[in-house]
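Commentary on secondary and tertiary structure
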Amino acid sequence: MIPELGNFALALAGALAVGGAVLGLYGPRQPVLQHGVLSMVFGQWGFSLIAFVALVYAFAVDDFSVAYVANQSNTLLPWYYKISATWGGHEGSFLLWILIMGTWMVAFSLRSSQFPPHFATRVMGTLSLLNLGFICFALFTSNPFLRLIPLTPAEGADLNPLLQDFGLIVHPPLLYAGYVGLAVPFAMAVAALLEGRIDATWARWCRTWTNMAWAFLTCGIALGSWWAYYELGWGGWWFWDPVENASFMPWLAATALVHSLSVTENRGTFKSWTVLLAITAFSFSLLGAFIVRSGVLTSVHSFAVDPERGMYILIFLALVVGGSLALYAARAGQNTAKVGYELLSREFFMLINNVILVVSLAVVLWGTLAPIGYEALSGGRISIGTPFFNAFFVPLGLLLLGALAWLPVLNWKRTRVEVFTSVYQALGIAGVLGGLVWFALDPASLLVAGAVALALWVLLTHGRQLWLRWRKGSVPAAYLGMTLAHVGFALGTVGIAITSTQSVESDVRMTPQSSMELAGKQLIFNGIVEVQGPNYAAKQGLFEVIDGERRYTLRPEKRQYFAGGNTMTEAAIAPGLFADTYVSLGEPLEGDAWAVRAHYKPLVRWVWLGALLMAFGGVLAVFDKRYVRQRRRLQAPNAESVTA
Amino acid sequence: MNPKRKQRLYLTVFLLLVAGGITALLIQISGENMNMFYPPADVVSGKAPVGQTLRAGGMVQENSVQRSTTDLGVTFVLTDHQGAEFSVQYTGILPDLFREGQGILVEGQLTPQGIFQATEVLAKHDENYMPPELMDLQTQPSANPTPSGSAYPSATGMQSDPSLGSAYDS
């Protein structure tokens, strides 16, 4: 009964999405209809919530007559994993996607009084149209409420053990909030094109939403990377895997958009380009959904065998991209700005940023799609490895850092050459310190020293300018946010450079009571004990680490899950701000010996801390006075016009 | 041509050149880092080149896994159950789901003696999941060409997750 209720609620949300789309896109000329759109947006969210709660309920009570629950859950699963299993598979995670879409729409409509009524109505109409596409996808190709009656299994197949983890509880919601959040700037771009009005005010409206979505996406990706690091059991944190790339591509486009919007807001230029980026960013969200959901990754052949889902997304993608680009072609040309700027200006450096990010996007796109295209054309299979991505991302990342260091002293339009003295001084200091790092760490890796020096340069110039502004008492939240985000990028780069070159990784055969050396620490293997978990039995290794005065025990596990019989490696990590010690169990060998993987990973945490700092900076900027003031200013007259 | 048009023309030509250059680089570098996949039949027949990094795959032959008693060296035989089989040498930790009878992928080089020196061994994450490259191979000695639900392996839950990779464990 409850699952049918969920199904029905989802269908109702779809019907309201039709209404919202029609009224929203037709309504701007009819003030009466504008209020209707608002209630339909709330309705879509409300009914998606009911559908989602119905599915959660089916998981909570182990209703295995629902096919999706039977595939994803098991009675032995602890209750919190039963709940998170709701979004552990394809159908349920798409329902979560729809719920989050509804939440963004409600968030927008709560703030809609800030915008001119017809603009807000068009944005909500566009969002409803997109939501309709998502809801139809769920209803017709991946319905989570399908029943297994009368062949109801007595027990569920269990959630994949890899997904039975805290990381999975939070990672998809955050990531989807980022993916779907990019629909808001997209809808704002479409509405602006429809209105024929793209200007600095529009960019100001767009910025807060873009920043929020971008921050969610950043956190989602960072969390996914952290989860892969501790859960997959082999110590890597980024694999250039197609599914990772699917989330990285919209992030790159959104990062470019965040910067381009700043130019449009402050200088009224880059307008067409900004709109194009807003369309691109969301299109890559959809492309990511296609790559992940269609089965095309598994094999072009299997995609051809059961193309329903893939074709649906592909057609939806074509409609969204084609429609918005056609609109763009028709309207964007009218918005050329006559604003000049010189080479040594903030505008030009933003352009450099955008070019680097777009080239990076092209690299990831190529590396992700080339194997799929090759298989489709020739039938053979290829894989494109990490060296391909590194060949581009190392120089591109360093270039980006090098350009970033100049930013604090740059003015809009033109900059006097004299102010660069401090930049050169900072470069001198950073160069000397980088040289020291080069000697201290590894004289062979000049690139690492270069990355560290460039990052230091960025930190110095940003720190100096922040200090100068602080003394003058003028540090707006947006400026602080920008500085934090850039510092985060610099620290993250240092983390990446150091951890990928200075890590010590050794796979060894260890017998009980034997010991090994790992980066100046002694690691003693004290044998294996058996432990029981709620739905698994595990062999737990006892490793004593002697690090000078400090002594501690690491307990990596090899788990055997009862349902499904999956084996899982649970790494044991001694985390540290400056280095992690990472031990995981390989397989049992002859006698009592075990294959053991021991890693020493310096600065690996900086990768994620840098990303979190970036996200925090993005959110902080939203609370700048000028955006808050804009909200108040626009709210006052609109409130009157509503009552009038 | 008026100056404005001229400027626009220069800009267009410049952008085309840059885009062309980047595309050429992409093709060049991806070509250098591309690993072809070969099924056992191709490895045995000599279609797979010797001394180049490549990927091969097959089912692990029953009773073929031999561990060294002193280090992490291991050898095993990969087969397609159709008569083609080759030996693999590897030093390191095998993935959780490496088992006799399972389909796995190896990345590495083929020696002139026809032995595959693996630098990486990839297995599936999930009991029901098939490495994509092995989809077209026969999984069982008996006639049962594709695993159930091959089009959408039940690893969809993992696919929902960006970091899970293409469901490989290495």
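**Side note on the overall build of chain A**
- Scanning chain A from terminus to terminus reveals 20 helices and 11 strands.
- When the backbone C-alpha atoms are referred to their principal axes, chain A occupies close to 85 × 80 × 50 Å.
- The buried share of chain A, taken over its 644 residues, is 53%.
- Taking as baseline every contact in chain A between residues at least 6 positions apart, the subset at least 24 positions apart corresponds to 74%.

**Re the domain arrangement of chain A**
Residues and elements named next belong to chain A.
- Under the domain assignment used here, chain A contains domain 1 (1-159), domain 2 (165-391), domain 3 (396-503) and domain 4 (505-604).
- For domain 1 versus domain 2, the distance between C-alpha centres works out to 23 Å.
- Tallying the contact residues gives 23 residues for domain 1 and 23 residues for domain 2.
- Those elements that provide at least two residues to the side of domain 1 that touches domain 2 are helix H4 (79-84), helix H5 (90-110) and helix H6 (117-141).
- Looking at the side of domain 1 that touches domain 2 element by element, the count peaks at nine residues for H6.
- Here the side of domain 1 that touches domain 2 is built from residues that sort into 14 nonpolar, eight polar and one charged.

**Thoughts on the environment of Gln114 of chain A**
- Here Gln114 of chain A shows up in the loop between H5 and H6.
- For the pair Gln114 of chain A and Trp205 of chain A, spaced 91 residues apart in sequence, the C-alpha to C-alpha distance is 8.9 Å.

**A short note on unusual backbone geometry**
Residues and elements named next belong to chain A.
- Between Ile149 and the following residue, Pro150, the backbone shows a cis peptide bond with an omega angle of 5°.
- For Pro150, the location among the structural elements is in the loop between H6 and helix H7 (166-181).
- Phi at Lys413 is positive, roughly 70°, even though this residue is not glycine.
- You can see Lys413 is positioned in the loop between helix H15 (386-404) and helix H16 (421-441).

**Focus on the confidence of the model for chain B**
Residues and elements named next belong to chain B.
- Averaged over every residue, the pLDDT of chain B is 75; residues scoring 70 or more account for 72%.
- Scored below 50 in pLDDT, residues 139-170 shows 93 contacts in the model against residues more than four places distant or in partner chains.
- In the model output, the complex is listed with pTM 0.91 alongside ipTM 0.76.

**Topic: the confidence of the model for chain A**
Residue and element names in this part refer to chain A.
- Of the residues in chain A, 95% have a pLDDT of 70 or more, and the chain-wide mean is 90.
- Ranking the elements of chain A by mean pLDDT puts helix H20 (residues 625-643) last, at 58, and helix H19 (residues 604-622) first, at 96.
- Segment residues 637-644: pLDDT under 50, and two contacts once partners within four positions in sequence are set aside and those in other chains are kept.

**Some remarks on the sheet that holds strand E9 (residues 572-574) of chain A**
Residue and element names in this part refer to chain A.
- Read across the open sheet, the four strands follow the order E2-E11-E10-E9; overall the sheet is antiparallel. Both edges of this open sheet fall to strand E2 (504-510) and E9, since each of them pairs with a single strand only. Each neighbouring strand pair of the sheet contributes to a mean axis angle of 15°, computed without reference to strand direction.
- Strand direction decides the pairing type here: strand E10 (residues 579-588) and strand E11 (residues 594-602), joined by eight bridges, are antiparallel.

**Details of H7 of chain A**
Residues and elements named next belong to chain A.
- Taking 1.5 Å per residue, 16 residues should reach 22 Å; H7 reaches 23 Å between its end C-alpha atoms and fits that length.
- The element H7 is largely enclosed, with a buried count of 12 among its 16 residues.
- When we look at burial in H7, the residues that qualify are Gly167, Leu168, His171, Pro172, Leu174, Leu175, Tyr176, Ala177, Gly178, Tyr179, Val180 and Gly181.
- Along its buried surface, H7 packs onto H4, H5, helix H8 (183-195), helix H9 (200-231), helix H10 (242-267) and helix H11 (271-293).

**As for the environment of Val437 of chain A**
Residue and element names in this part refer to chain A.
- Summarising the element assignment, Val437 is placed in helix H16.
- Separated by 49 residues in the primary sequence, Val437 and Phe388 place their C-alpha atoms 27 Å from one another.
- If we skip the residues at most four places from it in the chain, Val437 touches Ala449 and Val452.

**What about the packing of helix H14 (residues 346-378) of chain A against helix H1 (residues 3-32) of chain B?**
- Two elements in contact, H14 of chain A and H1 of chain B, have axes whose closest approach is 11 Å; the angle formed by their N-to-C orientations is 40°. Considered as vectors, H14 of chain A and H1 of chain B are oriented oblique to each other. Along this stretch, H14 of chain A crosses H1 of chain B, giving a crossing that reads as right-handed. Two secondary-structure elements touch here, H14 of chain A through Val359, Ala362, Val363, Trp366, Gly367 and Ala370 of chain A and H1 of chain B through Ile22, Leu26 and Ser30 of chain B.
- Taken together, the residues of the contact of H14 of chain A with H1 of chain B break down into seven nonpolar, two polar and no charged.

**So, the nonpolar core**
- Among the nonpolar cores identified, the biggest contains 231 residues, and Ala183, Met188, Ala253, Ala254, Val452, Trp457 and Val494 of chain A are the most heavily contacted of them.
- Not counting chain neighbours up to four residues away, the residues in contact with Val494 of chain A comprise Ala451, Val452, Ala455, Leu603 and Trp606 of chain A.

**Quick notes on the pairing of strand E2 (residues 54-60) of chain B**
All names here are of chain B.
- Counting buried positions along E2 yields seven of seven residues, so the element is predominantly enclosed.
- Pairing analysis gives two bridges linking strand E1 (residues 34-38) to E2, with the strands arranged parallel. In the strand pairing of E2, Phe37 is matched with Arg55.
- Examined bridge by bridge, E2 and strand E6 (residues 103-110) share six bridges and lie antiparallel to one another. From the neighbouring strand, Gly57 faces E6, where its bridge partner is Leu105.
- Sheet topology note: the E2/strand E4 (residues 73-79) ladder contains two bridges and is antiparallel.

About the criteria used
Residues numbered from 1 in each chain as written. Chains lettered and ligands numbered in written order. Predicted model: local features only at pLDDT ≥ 70, side-chain atom pairs only at ≥ 80, totals over all residues. Helix = DSSP H or I, 4+ residues; strand = E, 2+ residues; numbered from the N terminus. Buried ≥ 20, exposed ≤ 12 C-beta atoms within 10 Å, placed from the backbone. Contact = placed C-beta atoms within 7 Å. Domains from an automatic or database assignment. Nonpolar A, V, L, I, M, F, W, Y, C, P; charged D, E, K, R; others polar. pLDDT = per-residue confidence, 0-100. Pairing = 2+ DSSP bridges. Axes fitted to C-alpha atoms, helices over the stretch in contact; angles between N-to-C directions. Expected span 1.5 Å × (residues − 1). Parallel < 35°, antiparallel > 145°, perpendicular 65-115°, else oblique. Left-handed = near helix turned anticlockwise from the far one by under 90°. Core = buried A, V, L, I, M, F, W, Y, C linked by C-beta atoms within 7 Å.

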